[in-house]
Number of protein chains: 4
Amino acid sequence: MKAKIDLETVRAFCDRCPFNRWLGLTIVEIGDNWLRMTMPWKTDLLSSPELQLVHGGVLASLIDSACGYAAALVAGHTVPTVDLVTDYHKAAVPGPLEARAEVIRAGRSLITARAEVRDCEGNLVASGRIVAFGARANNLGGKVPPPA
Amino acid sequence: MKAKIDLETVRAFCDRCPFNRWLGLTIVEIGDNWLRMTMPWKTDLLSSPELQLVHGGVLASLIDSACGYAAALVAGHTVPTVDLVTDYHKAAVPGPLEARAEVIRAGRSLITARAEVRDCEGNLVASGRIVAFGARANNLGGKVPPPA
Amino acid sequence: MKAKIDLETVRAFCDRCPFNRWLGLTIVEIGDNWLRMTMPWKTDLLSSPELQLVHGGVLASLIDSACGYAAALVAGHTVPTVDLVTDYHKAAVPGPLEARAEVIRAGRSLITARAEVRDCEGNLVASGRIVAFGARANNLGGKVPPPA
Amino acid sequence: MKAKIDLETVRAFCDRCPFNRWLGLTIVEIGDNWLRMTMPWKTDLLSSPELQLVHGGVLASLIDSACGYAAALVAGHTVPTVDLVTDYHKAAVPGPLEARAEVIRAGRSLITARAEVRDCEGNLVASGRIVAFGARANNLGGKVPPPA
């Protein structure tokens, strides 16, 4: 596998997404089939202010985005997620989170990517994977269709 | 199964969560082991402004919250999610989304709940399930611990 | 949704599969988008002879087959599984197991079906779902291709 | 993480399981938190004799067993699976399959392990993960209870 797009292009994909901007997601490094993405800590992302726990949906969002853009590196365009699995392992220490995502299989129509999320002390907070629809929708004028 | 908490109590659980407040999640109806929850449409929730697609992580968040509070009805307290599966079926028509979640199994330590998300025209947009840790953490002074 | 094949046809799909025959899977009833399938108890299916626990892989196989043939009803042909999720709820009482599977979404290319497995006393033993590739592979002379 | 049991002990766990014996599963190598397991090819494991496709449930069984015994290395005893996710990537070339499983997180009560399955040419055929209940059931006289 060899990345079909460069860091600037995949960052532009990420930045034009309103929810990613709200989360503060930043792609910091890419390889042929992987990337690293960071997310800053903020109170609005918590499920419990007392326990300082990040909402499970926020961690799922980080995994979905990190895996989705890793898949985009391989596909050359953004890809819609078919399904997402998220495993929660440990409460994060308050501070920026980092996801590392990599494509483990790119088939003719489907791409599978997995990610690990670590807190600022390096603890594994969550992990997961997506299956994405990787075939380009040529007949939609370049628009990416919903998954099914 | 018989709900151990009432609508007012489970709503209070939901409302004290900053990310749920930001999403605008509202529990509108409960039964013994199920609930209905709504989420308003807003631009910040989109992954693509052109295609008006809700971010996959937002739908995962809605499923996690709906299932988590359905599990809370049965457990009598909030429960940490162990893992979350989200399936994406169709792009939503712009407008409020509704999740219906139900507990399908409550064991001694784990609770499984599933949910369906529909758009304002009744289309099935996403579905999923959580496994949650249902045992109360008595030795933590009522605080709910992270999953593992 | 309306079943495109009849009971005899879907049974023939199931019966020509060697592993299904070894498991003893039998489709006992179908509807437009659902079916019921039974599996007899036998010692070779256990993970623990002392505890009389059915192997998790056997329950996953039952869910995969039940969901797969439910999807075949809707597709009109057999479909390869893209991914499979299985949740384990309770040890089965020794005796025949029954799975009920239903298609919850059939899109242009992907089909999602879910199933519940109950033991001979009606206890929920396991549940799960598959995503299957539903598009027929016309260019393969009617052969069903691997998922990706 | 440091393996609490040796190769002979974990092999004995695997071999006393009737379904594993029928599948022909063999643990060939272990590390502190990982193992390699092989499964021979045989006709009874196929879903399609014409296409020589291994049944999805068989691959799920291999992943469940490989991950489960990897978790047993860390726990020091066998562990019941809470849930299992299997992704199917490619049809296997006929011949023995090999799974490599590793524990990625061992918490106080839950263990997460993932596995990759490759065919005799090294192709990635399937991947997946389990969450298992890792706490020993002391009050059951050493018997491992069902998951919930």
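Predicted model only: the values in this text are computed from it and were never measured.

Caption draft 1: Molecular detail of the overall build of chain A. Scanning chain A for helices and strands turns up three helices and eight strands. Listed N to C, the secondary structure of chain A is α-α-β-β-β-β-α-β-β-β-β in terms of helices and strands. Against the compact-globule benchmark of 15 Å for 148 residues, chain A has a radius of gyration of 15 Å, which places it among compact chains. Projected onto the principal axes, the alpha-carbon positions of chain A cover approximately 50 × 30 × 25 Å.

Caption draft 2: Quick peek at the confidence of the model for chain A. Residues with a pLDDT of 70 or more make up 91% of chain A, whose mean pLDDT is 92. Below a pLDDT of 50 lies the segment residues 138–144 of chain A, which in the model reaches ten contacts outside its immediate sequence neighbourhood of four places, other chains included.

Caption draft 3: View of the relation of the copies chain A and chain D. Note on the copies: chain A fits chain D at an RMSD of 0.0 Å, the axial shift is 0.0 Å, and the rotation between them is 180°. The superposition of one copy onto the other is thereby described by a two-fold rotation axis. It is valine 85 of chain A whose C-alpha, among those of chain A, lies nearest the rotation axis, at 4.2 Å. In this assembly, 100% of the residues forming the interface of chain A have copies in chain D that are likewise at the interface, indicating an isologous arrangement.

Caption draft 4: How the structure looks around the interface of chain A and chain B. Tallying the contact residues gives 38 residues for chain A and 39 residues for chain B. Summed over both partners, the interface of chain A with chain B comes to about 2800 Å²; 64% of that surface belongs to carbon and sulfur atoms. Of all residues in chain A, the largest losses of buried area upon contact with chain B belong to Phe19, His55 and Tyr88 of chain A, amounting jointly to 20% of the total for that side. If you look at where chain A meets chain B, you find zero salt bridges.

Caption draft 5: Spotlight on the pattern of salt bridges. Taken as a whole, this structure holds 36 salt bridges over all chains when the rule is applied. With a closest N to O distance of 2.6 Å, aspartate 87 of chain A and arginine 129 of chain D form a salt bridge. With aspartate 87 of chain A in strand β5 (residues 81–88) and arginine 129 of chain D in strand β8 (residues 124–133), this residue pair bridges two chains. There is no split in this pair, since aspartate 87 of chain A and arginine 129 of chain D are both buried. In this structure, the salt-bridge partner of arginine 129 of chain A is aspartate 83 of chain C, at a minimum N-O distance of 3.3 Å.

Caption draft 6: Spotlight on the environment of valine 79 of chain B. Residues and elements named next belong to chain B. Secondary-structure assignment places valine 79 in the loop between α3 (56–75) and β5 (81–88). On the basis of relative accessibility, which here comes to 12%, the residue valine 79 falls in the buried class. In sequence terms valine 79 and tryptophan 41 are 38 residues apart; their C-alpha atoms lie 27 Å from each other.

Caption draft 7: Here's a closer look at the UniProt feature "domain: Thioesterase" (unreviewed entry) in chain A. With numbering matched to this structure, UniProt assigns "domain: Thioesterase" (unreviewed entry) to residues 53–125 of chain A. Here residues 53–125 of chain A runs as 27% helix and 42% strand, with 11 Å between its end C-alpha atoms.

Caption draft 8: Looking closely at the environment of arginine 11 of chain D. Residues and elements named next belong to chain D. Among the structural elements, arginine 11 can be located in helix α1 (residues 7–15). Separated by 14 residues in sequence, arginine 11 and leucine 25 have C-alpha atoms that sit 9.6 Å apart. Those residues in contact with arginine 11, other than ones at most four positions away along the chain, are Ile27 and Val28. Only 2.8 Å separates the side chain of arginine 11 from the backbone oxygen of isoleucine 27, close enough to count as a polar contact.

Caption draft 9: How the structure looks around the packing of helix α1 (residues 7–15) of chain A against helix α3 (residues 56–75) of chain A. All names here are of chain A. Put simply, α1 and α3 touch, their axes get as near as 10 Å, and they point 140° apart. The orientation of α1 with respect to α3, classified from their angle, is oblique. The element α1 and its partner α3 pack so that their crossing is right-handed. Along the contact surface, α1 presents Val10, Phe13 and Cys14, while α3 presents Tyr69, Ala72 and Leu73. A class-by-class count of the residues in the contact of α1 with α3 yields six nonpolar, no polar and no charged.

Caption draft 10: Structural detail: the interface of chain A and chain D. Taken together, the contacts link 13 residues of chain A with 13 residues of chain D. Both sides together, the interface formed by chain A and chain D hides about 1100 Å², and carbon and sulfur atoms give 46% of it. Three residues stand out in chain A for area buried against chain D, namely His89, Arg105 and Arg114 of chain A, and they jointly supply 41% of the buried area on that side. At the junction of chain A and chain D, the tally comes to four salt bridges.

Caption draft 11: View of the relation of the copies chain A and chain B. Superposition of chain A onto chain B requires a rotation of 180° combined with a translation of 0.0 Å along the rotation axis, giving an RMSD of 0.0 Å. Interface overlap between copies: 100% of the residues of chain A at the interface are likewise at the interface in chain B, consistent with a symmetric, same-surface contact.

Caption draft 12: The arrangement of the sheet that holds β5 of chain A in detail. One open sheet holds the twelve strands; their spatial order is β1(A)-β2(A)-β6(A)-β7(A)-β8(A)-β5(A)-β5(B)-β8(B)-β7(B)-β6(B)-β2(B)-β1(B), and the pairing between them is antiparallel. Single-partner strands in this sheet number two, and they are β1 (26–30) of chain A together with β1 (26–30) of chain B. Direction aside, neighbouring strands of the sheet carry axes that sit 20° apart on average. By the bridge criterion, nine bridges tie strand β7 (residues 110–118) of chain B to strand β8 (residues 124–133) of chain B in an arrangement that is antiparallel. The partner of isoleucine 111 of chain B across the bridge, within β8 of chain B, is alanine 132 of chain B. Relative to the sheet, α1 of chain A contacts β1 and β2 (34–39) of chain A, its axis offset from that of β1 of chain A by approximately 155°. Here α3 of chain B sits on the sheet in contact with β5 of chain A together with β1, β2 (34–39), β5, β6 (97–106), β7 and β8 of chain B, set at roughly 45° to β6 of chain B.

Caption draft 13: How the structure looks around α3 of chain A. All names here are of chain A. For α3, built from 20 residues, the straight-helix expectation of 28 Å at 1.5 Å per residue is met to within 8% by its first-to-last C-alpha distance of 28 Å. With respect to burial, α3 is a largely interior element, 20 of its 20 residues being buried. One or two residues past the end of α3 sits glycine 76, with phi positive at roughly 90°.

Caption draft 14: Layout of the side chain of glutamate 116 of chain C. Within the secondary structure, glutamate 116 of chain C is located in strand β7 (residues 110–118). Within polar-contact distance, the side chain of glutamate 116 of chain C engages the side chain of arginine 118 of chain C at 3.1 Å. If sequence neighbours within four positions are ignored, glutamate 116 of chain C has contacts with Arg114 of chain B together with Glu98, Ala99, Arg100, Leu124, Ala126 and Ser127 of chain C.

Rules used throughout
Residues numbered from 1 in each chain as written. Chains lettered and ligands numbered in written order. Predicted model: local features only at pLDDT ≥ 70, side-chain atom pairs only at ≥ 80, totals over all residues. Heavy atoms only, no water. Helix = DSSP H or I, 4+ residues; strand = E, 2+ residues; numbered from the N terminus. Rg over C-alpha atoms; globule rule 2.2 N^0.38 Å. pLDDT = per-residue confidence, 0-100. Contact = heavy atoms within 4.5 Å. Least-squares fit on C-alpha atoms with pLDDT ≥ 70 in both. Buried area = accessible area lost by both parts, 1.4 Å probe. Salt bridge = Lys/Arg side-chain N within 4 Å of Asp/Glu carboxyl O. Buried < 20%, exposed > 50% of the residue type's maximum accessible area, 1.4 Å probe, protein only. UniProt positions renumbered as here; feature names shortened; annotations may be inferred. Polar contact = N/O pair within 3.5 Å; in protein donor to acceptor, adjacent residues only side chain to side chain. Axes fitted to C-alpha atoms, helices over the stretch in contact; angles between N-to-C directions. Parallel < 35°, antiparallel > 145°, perpendicular 65-115°, else oblique. Left-handed = near helix turned anticlockwise from the far one by under 90°. Nonpolar A, V, L, I, M, F, W, Y, C, P; charged D, E, K, R; others polar. Pairing = 2+ DSSP bridges. Expected span 1.5 Å × (residues − 1).

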